[in-house]
Amino acid sequence: MASDDQRGLHYEQTLMYGRYTQELGAYAKEEAARLREEGVRRRSVTERSRSLELLENDKGCCAKCRICTVRCQKFLISCVGEDWIFLILLGLFMALLSWLVDFGIGICLQSQKWMYVNLESNVFLQYLAWVTYPVVLITFSAGFTQILAPQAVGSGIPEIKTILRGVVLKEYLTFKTFVAKVIGLTCALGSGMPLGKESPFVHIASLGAALLCKFMSLFGGIYENESRNVELLSVACAVGVSCVFAAPIGGLLFSIEAMSTFFTVRNYWRGFFAATVTAFMYRVLAVWNRDEVTITALLPTNFRQDFPFDLQELPAFAVLGIASGLGGALFVCLNRQIVQLIRNQKTIKKFLMKKRLLYPALVTLLVSTLTFPPGFGQFMAAKLTQMESLETLLDNQTWSKQGIPEEFDSNSQAWKHPQVNVFVTLTLFVVMKFWMSALAMTMPVPCGAFMPVFVIGAAFGRLVGESMATWFPDGVHSDGTIYPIEPGVYAAVGAAALSGAVTHTVSTAVVVFELTGQISHILPVMIAVILANAVAQSLQPSLYDSLIMIKKLPYLPELGWGHHEKYNIYVEDIMIRDVMYITLNCCYRDLHDVLLTGHLNTLALLESSESMILLGSIKRAQIQALLSLQLGRPRRLKYLRDRATAEKRLSVVSHPGNEDGSTMVNQEVHFQVNKISTEETSLSSTPTPSTKPLKPALKRPSVVDCPTEIPMPTSPQDHSGSTLRNLFRVRPDIEGLEDDFDVDDDMTIREIAEWEENQLDEQVNFDNCMIDPAPIQLVESTSLHKTHTIFSLLGLDHAYVTSIGRLIGVVSLKELQKAIEGSVAVKGVNVRPPLASFRDSGTSGTIMNNENKARDLHKLWNRRKLMSLPQEHRASDADEKSK
């Protein structure tokens, strides 16, 4: 019971006896409110259990049905919050949405073909319909997205990577963004432009997971945990890939490689489960719509199984992988150069900012004109959609033999031209689609680049396969058996290699296996993908990291490989030494100056400017709340009320003849009783706030959570009013009635300014401020590699650098990013950090450095040992004097 009283009355331990800092009346009110709430809650639970018992005792049939209904309701509410329910709902929802988007895209593409076929008699009308239709759809997609949610523009993977790292981008996970992304993506892909579906669906799946978490929070409070929701976003990324290619394993591996810097192993089964549900439901819908007879791969192939490839073909696969790596790096560089060209030209940029829909319309007009089938499009199979092109490129039939076209089947007639052979057609397709895709990605519409790059890689691989079939017309001889070259295998290898080079992932090989339904060519596919990644990673960042750099998102780039100079860079070489901080004994004016001069979200709290001992960190919102409480209108009204009360009491004392004798007796009695409390107050208020012990200041509730609590003045200048109030104290009930009268805020602007100046000179009261007592700290000798790992693993945006507890610098995400980009950008140069010479001084320098650190540590320990806590000593003296 004593411990409850101590906890309830805000017991504060001092050197001798301790004291309570809360009045008994306030504690009684809080305790009564708490007991009242517990009683209501207990009665509601009792009534529910009693109603259930009455239902059980009732022998009627209706009562049994009601009992069964109540129990089923409880069971469902408890089970709906389970993980597997969430994953099933997410998988089913995304599969249905992906099928609906495909259905809408198919209708749009078929409409364009229908108009083109029905206008064969007039070429001009054909061209007009072929060009106008995609321009209208792209313009609508760009305008709708810009009006409803501009965050839906692009693929969305760079933003999801940033969110998974720990940066809050809530506007990218809203319902408006979801609607804009789905409708804009359907119109953009329905236009026939070389854009992809996979990357935007990763963002759409993340949006679906975020919205589903909000709905599931009604059944279980665990879905309100933000860290858990971030883990579910990584699962949603796997679902987004799986519902496009029906590839659950490849989807999960791709999400791990492309999205997560560090992956939580406990999410592994969640990702597999949700991706499998999505892929299964996506293919079931295709069977239900009679698009397929049974559940099969999305693009099934019939490659040779008994002898899939010969060892003599492995060099060709390796060359294909190296060329794909160069092509992937070139694609990323071309896309970035186009964006920078538009941004650097101020005239073009200013014009396009005013006419936002003009740029996508012009790009669509250019691409549609070049792909017009009777025109230049006849040389690159412009009549086929992306899926149709990919299906024909994976065909197992050889299209040419010694440069002479063979008989084409019905699906491959678009690649046949009477004037040129298949090599020219494939070459023009690869070259034209390459720069068209890089250009189309810059349009402000929901779009991706994975599918166009996948198709370009398949066409390039098909070109290499057709070349191999021409060079080896009789195939590869092995043990007297002739095995012809299969160009479709080279197309699958090229698709996996180029897409892996652009995205810097190896999981594209698994996507190809699941997409084709065959795994017999696992060795050549893996060789090509690994070589493509090795070449691309040494030349350019991934497409998603490039977009992050273009958008300037707060994301930490990878360290790269092959650059040994980054291992010789330490925290002391990149940290900022001029750190903004506040001290424990600072005044409100210091807080005001800090908020005006800097824009940091977190400030370091030091013991003093001399010791520089780091005590913790304070959020900017907490400092703003402290200033608002100190300078706000409620505190000014309280000041006016106290001043009016003091003046009223002084007037009563100065005119004793107007009061009767009984009143004088009561006042004298109260005056005599309150002398002790006045002495205690004066003695206890003697120490300055700068000598407050650290522990009570760090263990206080947030001032943002309880803004109605206004701290009392703590400076000696403002003690005059409180002294008079304590001197002429009346009974508590009468005092409460007197303090509740209304006071008009009749202060002039000049008086308010003077009052605020006086308030700013007071020392800060950190009692109601939330302080982080253990911010992340580094030491000077921490390497760049370890710092990068810590920032990536914990999702940090800054870390303090300390030496024996003293603050000496700070490292933020910006400095770390500049250091990584600088170390990676410099090639063939012996990078020398600024302070490296001090680290190379040899053994003697190391010994001297250790001796200096030990000497500083002993000095610090002796100073802390001799230093006393003035607040506690003075409080104890006050207690002894009061005795």
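These figures come from a predicted structure and were not determined experimentally.

### Let's talk about the pattern of salt bridges
Piece 1. Under the criterion given, the structure shown has 11 salt bridges.
Piece 2. When the shortest N-O distance is used, the salt bridge between K197 and D102 registers 2.5 Å. Taken together, the positions of K197 in the loop between helix 7 (175-190) and helix 8 (198-216) and D102 in helix 4 (residues 83-118) put the pair 95 residues apart, joining distant regions of the chain.
Piece 3. We classify D102 as partly exposed; its relative accessible area is 27%.
Piece 4. One salt bridge connects E754 with R750, and the closest N-O pair in it is separated by 3.6 Å. With a gap of 4 residues between them, E754 and R750 both fall in helix 30 (residues 749-760), about one helical turn apart.
Piece 5. Classification of E754 by relative accessible area gives partly exposed; the value is 45%.
Piece 6. Within the structure, one salt-bridge network assembled from shared partners comprises R589, E757 and D761.

### Observations regarding the packing of aromatic side chains
Piece 1. A complete count under the given rule lists 19 aromatic pairs for this structure.
Piece 2. Ring geometry for Y268 and F272: centres 5.0 Å apart, planes at 85°, overall edge-to-face. Within this pair, Y268 and its partner F272 are both found in helix 11 (residues 268-288), separated by 4 residues, close to a single helical turn.
Piece 3. Taken together, the ring pairs in this structure connect Y116, Y127, W130 and F372 into an aromatic cluster.

### Things to note about the packing of helix 4 against helix 8
Piece 1. Across the interface, helix 4 lies against helix 8 with an axial gap of 10 Å and an inter-helix angle of 135°. In terms of axis orientation, helix 4 runs oblique to helix 8. Remark: the crossing between helix 4 and helix 8 carries right-handed chirality. Of helix 8, the residues touching helix 4 (which contributes I85, F86, L89, L90, F93, M94, L97, S98 and V101) are F201, I204, A205, G208, A209, L212, C213 and M216.
Piece 2. Split by residue class, the contact of helix 4 with helix 8 holds 15 nonpolar, 2 polar and no charged.

Procedures and definitions
Counting from 1, residues in each chain are numbered in the order their sequence is written. Residues qualify for local features only when their pLDDT is at least 70, as the model is predicted, and side-chain atom pairs are given and counted only at 80 or more; totals for whole chains, interfaces and linings, by contrast, use all residues. Hydrogens are left out, water is left out, and the side-chain values use all remaining heavy atoms of the structure. Salt bridges are defined as contacts in which a side-chain nitrogen from Lys or Arg sits within 4 Å of a carboxyl oxygen from Asp or Glu. Only DSSP runs of H or I reaching four residues or more are called helices, and only runs of E reaching two or more are called strands; each is numbered from the N terminus. Exposed residues in this analysis have more than 50% of their type's maximum accessible area, buried residues have under 20%, and partly exposed residues fall in between, with area computed by a 1.4 Å probe over protein chains only. Two rings belonging to Phe, Tyr or Trp (six-membered ring only in the last case) form a pair when the distance between their centres is within 6.5 Å. Interplanar angles under 30 degrees mark stacking, angles over 60 mark edge-to-face geometry, and anything in between is tilted. Axes here mean lines fitted to C-alpha atoms, for a helix over just the part in contact, with angles spanning 0 to 180 degrees between N-to-C directions. Throughout this description, any angle smaller than 35 degrees is read as roughly parallel, any larger than 145 degrees as roughly antiparallel, any in the 65 to 115 degree range as roughly perpendicular, and the remainder as oblique. For a crossing to be left-handed, the near helix must be turned anticlockwise from the far one by less than a right angle; the clockwise case is right-handed. For this analysis, residues touch if any pair of their heavy atoms sits within 4.5 Å. Asp, Glu, Lys and Arg are counted as charged, while Ala, Val, Leu, Ile, Met, Phe, Trp, Tyr, Cys and Pro are counted as nonpolar; the rest, among them Gly, fall into the polar class.

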